[in-house]
Amino acid sequence: MGPAADAGRHGPGRVLAHAGWLHGLFSCRWARHCDGDDSQWPAALKPGDAEAVEQLFNDAAPSYDRLNDWLSFGLHRQWKRELVLQLSPRPGEQWLDLCCGTGDLALSLARRLRPGGAVLGVDVAAAPLEIAARRSAREPWLPVRWQQGDALNLEMPDAFVDGALMAYGLRNLADPAAGLRELRRVLRDGGRAGLLDFNRLPSGTAAALFQRTYLRRVVVPVASRIGLADHYAYLEQSLERFPDGPAQQQLAHDARFREAFHRPLAGGLMGLLIVRA
């Protein structure tokens, strides 16, 4: 795999040392992905199509963690740590990890909730949950369970949990506003939640151009190496329909959250929405 294969074994500093290697490899070999010629661009999945999104994550599950390390140069772990730290989960609390994927965030959270607390990881796709279950089986003392389910229609009563996380999930929901309303329903009064995702940047800005170049010149070429080019081309289209930071704050207030604050991460490429019920 070359130097990028070290991503899962080393911290962000080591992985960032290989950023130039990734760029050099794909900027020449895959330059057609950013030349503005849409006729050569992979046919992306349709954003908001729940069945297509479920299939995307089922297909990507075996490579999902490795891809996250490669595509963020390992920094996604730091962003997720920041998400958890912002919410200060405490022992004894009950938490949700929505759109939990392969479970890395839920497992990290479970370590903070002992003794007496627990995490329920929910995802619409079965394949990532199977990987999550295998991972948690290696740490059977952690208070975590997995459930296949829809973040727009959670099978649990009102005011069920003290807190919730969602990493790279809100953008993939057919209706992000409905997702925030459902999140508010299951949170107890005073509960808090954090939602980490790509940040939608103002069109025409240097940051937006960099983000688009990153998606076309790094993300899709890397994903294409394992047959997932069409799946990851979806990212750019999903961002086009995703509310920006101020709009997310307004949606959260409309969903009856008392507090909502969105702040950029990673130079504005990512965004973190913190809400309180």
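Scroll up to find the structure this text is about.
Bear in mind the structure is a predicted one, so any value in this text is a computation, not a measurement.

Ordered in space as E3-E2-E1-E4-E5-E7-E6, the seven strands form an open sheet in which the pairing is mixed. Edge positions in the open sheet fall to strand E3 (144–148) and strand E6 (259–265), since each of these has one partner strand only. For this sheet the average axis-to-axis angle between neighbouring strands, irrespective of direction, equals 15 degrees. Here six bridges tie strand E4 (residues 161–167) to strand E5 (residues 187–198), and the two strands are oriented parallel to one another. Looking at E5, one finds that Met-166 is bridged to Leu-195. Where helix H5 (residues 76–87) meets the sheet, it contacts strand E1 (94–98), E4, E5, E6 and strand E7 (270–276), and its direction lies at approximately 160 degrees from that of E5. The sheet strands contacting helix H8 (residues 176–186) are E1, E4, E5 and E7, and the helix crosses E5 at an angle near 145 degrees.

Cis geometry is adopted by the peptide bond preceding Pro-115, which originates at Arg-114 and carries an omega value of -5 degrees. Inspection of the secondary structure puts Pro-115 in the loop between helix H6 (104–113) and strand E2 (118–123). Positive phi, close to 55 degrees, is recorded for Cys-99, a residue that is not glycine. As for its placement among the helices and strands, Cys-99 is situated in the loop between E1 and H6. For Arg-256, which is not glycine, the phi dihedral falls at a positive 80 degrees. Structurally, the position occupied by Arg-256 is in the loop between helix H11 (245–254) and E6.

With twelve residues, H5 should reach 16 Å at 1.5 Å per residue; the first-to-last C-alpha distance of 17 Å fits that figure. For H5, the full list of buried residues reads His-76, Trp-79, Lys-80, Leu-83, Val-84 and Leu-87. The arc enclosing the buried residues of H5, seen along the axis, measures out at 140 degrees, which places them on a common side. Of the residues trailing H5, Ser-88 is marked for its positive phi of about 50 degrees.

What counts, and where the lines are drawn
- Residues numbered from 1 in each chain as written.
- Predicted model: local features only at pLDDT ≥ 70, side-chain atom pairs only at ≥ 80, totals over all residues.
- Heavy atoms only, no water.
- Pairing = 2+ DSSP bridges.
- Helix = DSSP H or I, 4+ residues; strand = E, 2+ residues; numbered from the N terminus.
- Axes fitted to C-alpha atoms, helices over the stretch in contact; angles between N-to-C directions.
- Contact = heavy atoms within 4.5 Å.
- Expected span 1.5 Å × (residues − 1).
- Buried < 20%, exposed > 50% of the residue type's maximum accessible area, 1.4 Å probe, protein only.
- Arc of directions from axis to C-beta.

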